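Single-letter residue listing:
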Amino acid sequence: MDIVTMARKAPSKARKTSLPPFLSNPFVLALAAVAAVFAVAMGVATLTGGRSGGEKAPQAPVQQAAVPPAPASAPPATPPSPPAVKAEAPAHAAEGPEHAVPEKPAQDKVEARPPATTVAMLPPPAPPAQPPVQAPSGNAALWRKNALPADVPPGRPIIAIVIDDMGLDRKRSARMVGLHGPLTLSWLPYARDLSAQSKAARANGHELMLHMPMEPSVKADPGPNALLISLDKGEIVKRFRAALDSFDGYVGVNNHMGSRFTADRAALAPVLAELHRRGLLWLDSRTTPNSAGIGLARELKMPWVGRDIFLDNEETVAAVKAQLAKTEQVAKRQGYAVAIGHPHDATIEALASWLPDVQKRGFVLVPVSAVVRTHHAGG
């Protein structure tokens, strides 16, 4: 066999070995094509059905557990539908809760900013304790108008003698009025014939004050319509205004008793504010070292002064004279002194012998308004 013949037979053998004989059968090839088409169709159907079931199973329970759809947005009941329709139903169900979710951010936003209900629950802003006090200033102030004229030589110590509890004991009050002054006489607002008694005292050359009853810290009766810390602010102001209107011509107010009331800043504040509004001065009797009176008067920038000496805690002539000597010492040391006494027999007798000689000893006897004007003028 030659080389040409071998070359022609080689491809023929290669074709027979690379393709099996049954594949060359047309019937077999047709069956294979049908099987392939069927397999592809089944694969597509399987893929479509598996994907639809996978969306339905995991999503619906998770969404219902996380955020149940609102009744208003729930879809109406429908008859069973083909798988393709069921595959869209969970998509709408998923959109329902997702639309409901923004309600939470919206609610959070409402809680973040101060809502109306939150503001309403807060206590209303407290009104100011007192409206701004616009008291008359300078010579327009009532305490200056009612002040007893007094000449105060520069460089000389001055002394003011204040007599409390005036008006109840008419006999002793009249004896005190008869002394040579000037004295400062402080009248209880519940005394009888108060206007007539006070006018007689002013005509005799004495200065006038109102002696306001206030609650003590001991068991003692301060008198009717006294100012008590148990009263509300409205009642305190009402009682105080009634006392202020009991007579006129006075320069200011000092406290009768009041060791408990004057120590209560909140209770005393409207009293001094009313005084300042009327243009009157405050004399703190200092019945307690804890009195808030002077501190409040300074804050209000109103005229004030404080008591330095009590004259008659011991009601004997010798004891009162000893206290008058202490009053002179205080006046020498600080340039002025304010002493407070009462219409007792011992006090009247001691003053009757002390008053004529006080000027000779280098002191000037003045009404309390002169002390305020020269040392504690605040309005």
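Residues numbered from 1 in each chain as written. Predicted model: local features only at pLDDT ≥ 70, side-chain atom pairs only at ≥ 80, totals over all residues. Heavy atoms only, no water.

**Observations concerning the packing of helix 7 (residues 170-177) against helix 13 (residues 345-358)**
Moving on, step 1. Relative orientation of the contacting elements helix 7 and helix 13 amounts to 10 degrees, with a least axis distance of 10 Å. Classed by the angle they form, the pair helix 7 and helix 13 counts as roughly parallel. The residues of helix 13 that touch helix 7, namely those facing Arg 172, Arg 175 and Met 176, are Asp 345, Thr 347, Ile 348 and Leu 351.
Moving on, step 2. A class-by-class count of the residues in the contact of helix 7 with helix 13 yields three nonpolar, one polar and three charged. (Axes fitted to C-alpha atoms, helices over the stretch in contact; angles between N-to-C directions. Helix = DSSP H or I, 4+ residues; strand = E, 2+ residues; numbered from the N terminus. Parallel < 35°, antiparallel > 145°, perpendicular 65-115°, else oblique. Contact = heavy atoms within 4.5 Å. Nonpolar A, V, L, I, M, F, W, Y, C, P; charged D, E, K, R; others polar.)

**Side note on unusual backbone geometry**
Comment: phi is negative for the bulk of residues other than glycine, and the bulk of peptide bonds are trans.
Moving on, step 1. For the peptide bond that leads from Gly 181 to Pro 182, omega is 10 degrees, which places it in the cis range.
Moving on, step 2. Relative to the elements of secondary structure, Pro 182 occurs in the loop between helix 7 and strand 2 (184-187).
Moving on, step 3. Positive phi, normally seen in glycine, also occurs at Asp 193, with a value near 50 degrees.
Moving on, step 4. By secondary structure assignment, the location of Asp 193 is in the loop between strand 2 and helix 8 (194-203).
Moving on, step 5. Here the phi dihedral of Asn 225 falls at roughly 60 degrees; this positive angle occurs in a residue that is not glycine.
Moving on, step 6. Assignment of secondary structure puts Asn 225 in the loop between strand 3 (207-214) and helix 9 (233-244).

**A few points about the side chain of His 211**
Moving on, step 1. Tracing the sequence through the fold places His 211 in strand 3.
Moving on, step 2. Note on His 211: relative accessible area 1%, which makes it buried.
Moving on, step 3. Those residues in contact with His 211 that lie beyond four places of it in its chain are Asp 164, Asp 165, Ser 186, Trp 187, Leu 188, Pro 189, Asn 254, Asn 255 and His 256. (Buried < 20%, exposed > 50% of the residue type's maximum accessible area, 1.4 Å probe, protein only.)

**Remarks on the environment of Asp 308**
Moving on, step 1. Residue placement: Asp 308 occurs in the loop between strand 6 (304-306) and strand 7 (309-310).
Moving on, step 2. Counting along the chain gives 23 residues from Asp 308 to Ala 331, while the straight-line C-alpha distance between them is 9.4 Å.
Moving on, step 3. Once you skip the residues sitting within four places of it in the chain, Asp 308 turns out to touch Arg 286, Val 330, Gln 334, Tyr 336, Ala 337 and Val 338.
Moving on, step 4. A polar contact is formed between the side chain of Asp 308 and the side chain of Gln 334, at a distance of 3.3 Å. (Polar contact = N/O pair within 3.5 Å; in protein donor to acceptor, adjacent residues only side chain to side chain.)

**Description of the side chain of Ser 369**
Moving on, step 1. Tracing the backbone through its elements, the reader meets Ser 369 in helix 14 (residues 368-375).
Moving on, step 2. On the basis of relative accessible area, Ser 369 is assigned to the buried category, the value being 0%.
Moving on, step 3. Excluding anything up to four places from it in sequence, Ser 369 contacts Trp 143, Ala 147, Leu 148, Glu 207 and Leu 281.

**Quick notes on the packing of aromatic side chains**
Moving on, step 1. Under the defined criterion, the tally for this structure stands at one aromatic pair.
Moving on, step 2. Ring centres of Phe 247 and Tyr 250 lie 4.9 Å apart, and the angle between their planes is 50 degrees; on these two criteria the pair is classed as tilted. An identical accessibility class is assigned to Phe 247 and Tyr 250; each is buried. (Phe/Tyr/Trp six-rings, centres within 6.5 Å; stacked < 30°, edge-to-face > 60°.)

**Overview of the pattern of salt bridges**
Moving on, step 1. The final tally for this structure, using the stated rule, is 13 salt bridges.
Moving on, step 2. The shortest N-O distance in the salt bridge between Asp 245 and Arg 278 comes to 3.2 Å. A residue pair is termed long-range when its members are at least 10 positions apart, and Asp 245 in the loop between helix 9 and strand 4 (252-257) and Arg 278 in helix 10 (residues 265-278) qualify at 33 residues.
Moving on, step 3. By relative accessible area, Arg 278 is classed as partly exposed at 26%.
Moving on, step 4. Notably, a salt bridge pairs Arg 265 with Glu 299, separated by 2.6 Å at the nearest N-O pair. Note that Arg 265 is positioned in helix 10 and Glu 299 in helix 11 (residues 293-300), a separation of 34 residues in sequence.
Moving on, step 5. Overlapping salt bridges, with partners in common, bring together Arg 241, Asp 245, Glu 274, Arg 277 and Arg 278 in one network. (Salt bridge = Lys/Arg side-chain N within 4 Å of Asp/Glu carboxyl O.)

**Details of helix 11**
Moving on, step 1. Gly 293, Ile 294, Leu 296 and Ala 297 are the residues of helix 11 that are buried. All buried residues of helix 11 fall inside an arc of 160 degrees around its axis, so they share one side. Away from the buried face of helix 11 by more than 90 degrees, exposed residues Arg 298 and Glu 299 are located.
Moving on, step 2. Of the residues flanking the end of helix 11, it is Lys 301, one or two places downstream, whose phi is positive at about 60 degrees. (Arc of directions from axis to C-beta.)

**As for the confidence of the model for the protein chain**
Moving on, step 1. Averaged over all residues, the pLDDT of the protein chain equals 78, while 63% of them reach at least 70.
Moving on, step 2. Overall, residues 1-17 carries pLDDT values under 50, and its contacts beyond four positions in sequence, including any with other chains, amount to two contacts.
Moving on, step 3. Across residues 48-114, confidence stays below pLDDT 50; counting only partners more than four residues off in sequence or on other chains, it has 19 contacts. (pLDDT = per-residue confidence, 0-100.)

**Points about the environment of Val 317**
Moving on, step 1. Within the secondary structure layout, Val 317 lies in helix 12 (residues 317-334).
Moving on, step 2. Residues Val 317 and Glu 349, 32 residues apart in the sequence, show an inter-C-alpha distance of 6.7 Å.
Moving on, step 3. Excluding anything up to four places from it in sequence, Val 317 contacts Ala 346, Glu 349 and Ala 350.

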